[in-house]
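As a plain string of letters, each chain reads:
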Amino acid sequence: MLLEPSRAYALDRLAAFIPQAGRAYAAGRNVDQGSGRHDRVSMLSPYVRHRTITESEIAAAVLATHSANAAEKFLQEVCWRTYWKGWLEQRPSVWRNYRRGIATAHAELTATEESDYQAAIAGKSGIACFDAWVNELIATGYLHNHARMWF
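Keep in mind that what you see is a predicted model, and the values were worked out from it rather than measured. (Residues numbered from 1 in each chain as written. Predicted model: local features only at pLDDT ≥ 70, side-chain atom pairs only at ≥ 80, totals over all residues. Heavy atoms only, no water.)

Observations concerning helix 1 (residues 7-17)
- Taken together, the buried positions of helix 1 are Y9, A10, R13, L14 and F17. Projected down its long axis, helix 1 carries its buried residues within an arc of 140°, all on one side. Away from its buried face by more than 90 degrees, helix 1 exposes D12 and A16.
- In this structure, the buried residues of helix 1 make contact with helix 2 (23-28), helix 3 (45-49), helix 4 (55-63) and helix 5 (72-89). (Buried < 20%, exposed > 50% of the residue type's maximum accessible area, 1.4 Å probe, protein only. Helix = DSSP H or I, 4+ residues; strand = E, 2+ residues; numbered from the N terminus. Arc of directions from axis to C-beta. Contact = heavy atoms within 4.5 Å.)

So, the packing of aromatic side chains
- What the rule picks out here adds up to eleven aromatic pairs.
- Here the aromatic rings of Y25 and F74 are separated by 5.1 Å at their centres, their planes lie at 85°, and the arrangement is edge-to-face. Of this pair, Y25 sits in helix 2 while F74 sits in helix 5, placing them 49 residues apart in sequence. Just as Y25 is buried, F74 falls in that class too.
- Here Y83 and W84 contribute two aromatic rings whose centre-to-centre distance is 4.9 Å and whose plane-to-plane angle is 80°, an arrangement assigned as edge-to-face.
- Residue Y83 is classed as partly exposed on the basis of its relative accessible area, which comes to 42%.
- These aromatic residues form a ring-pair network of at least three members: W80, Y83, W84 and W87. (Phe/Tyr/Trp six-rings, centres within 6.5 Å; stacked < 30°, edge-to-face > 60°.)

Brief notes about the side chain of S42
- With respect to the element layout, S42 can be found in the loop between helix 2 and helix 3.
- Those residues in contact with S42, other than ones at most four positions away along the chain, are R13, F17 and F74.

What about the side chain of H144?
- On the secondary structure map, H144 appears in the loop between helix 8 (128-140) and helix 9 (145-150).
- Given the relative accessible area of 2%, H144 is considered buried.
- In this structure the side chain of H144 is engaged in a polar contact, spanning 2.9 Å, whose partner is the backbone oxygen of R29.
- In contact with H144, not counting residues within four places along its chain, are R29, N30, V31, D32, H38 and V41. (Polar contact = N/O pair within 3.5 Å; in protein donor to acceptor, adjacent residues only side chain to side chain.)

Observations concerning the nonpolar core
- Judged by nonpolar contacts, the single largest core of 21 residues is most densely connected at L3, L14, Y47, I53, I58, V62 and F74.
- Put simply, the parts of the chain that give this core at least two residues each are helix 1, helix 3, helix 4 and helix 5.
- No other element matches the four residues that helix 1 contributes to this core.
- Not counting residues within four places of it along the chain, the set of residues in contact with I53 comprises R7, A10, L11, L14, Y47, V48 and I58. (Core = buried A, V, L, I, M, F, W, Y, C linked by side-chain atoms within 4.5 Å.)

Structure below.
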């Protein structure tokens, strides 16, 4: 499952997801079914991020098939994504400070911690779910939202 960087693919992804954008999304969105099995989520974030497809296009397509009530959770997630993107754009120091903190923390790692870190980012931490997530991210460039949060 590699995501293709094209508008046509984004529109195909959206069309394929539309049937799931209602109550099925609300019920299954928090379940990571495992590597390559992401039919319960849209996987449209990279396309929205790079403006290949817009939030308004997504909302219009969803609302052409589902009522606002049925698609409420999915539409909320689209709106929250937009809200937080705007929030961060208005506060560039938040991201800079975060990156600076990461760099500082990394510079302060002991040799053992550095070794553990390198093993973890290579998918060799010894923690099965984390290693699977790293390998999926390396192979596909994608992780389910909850996998990203747990990770």
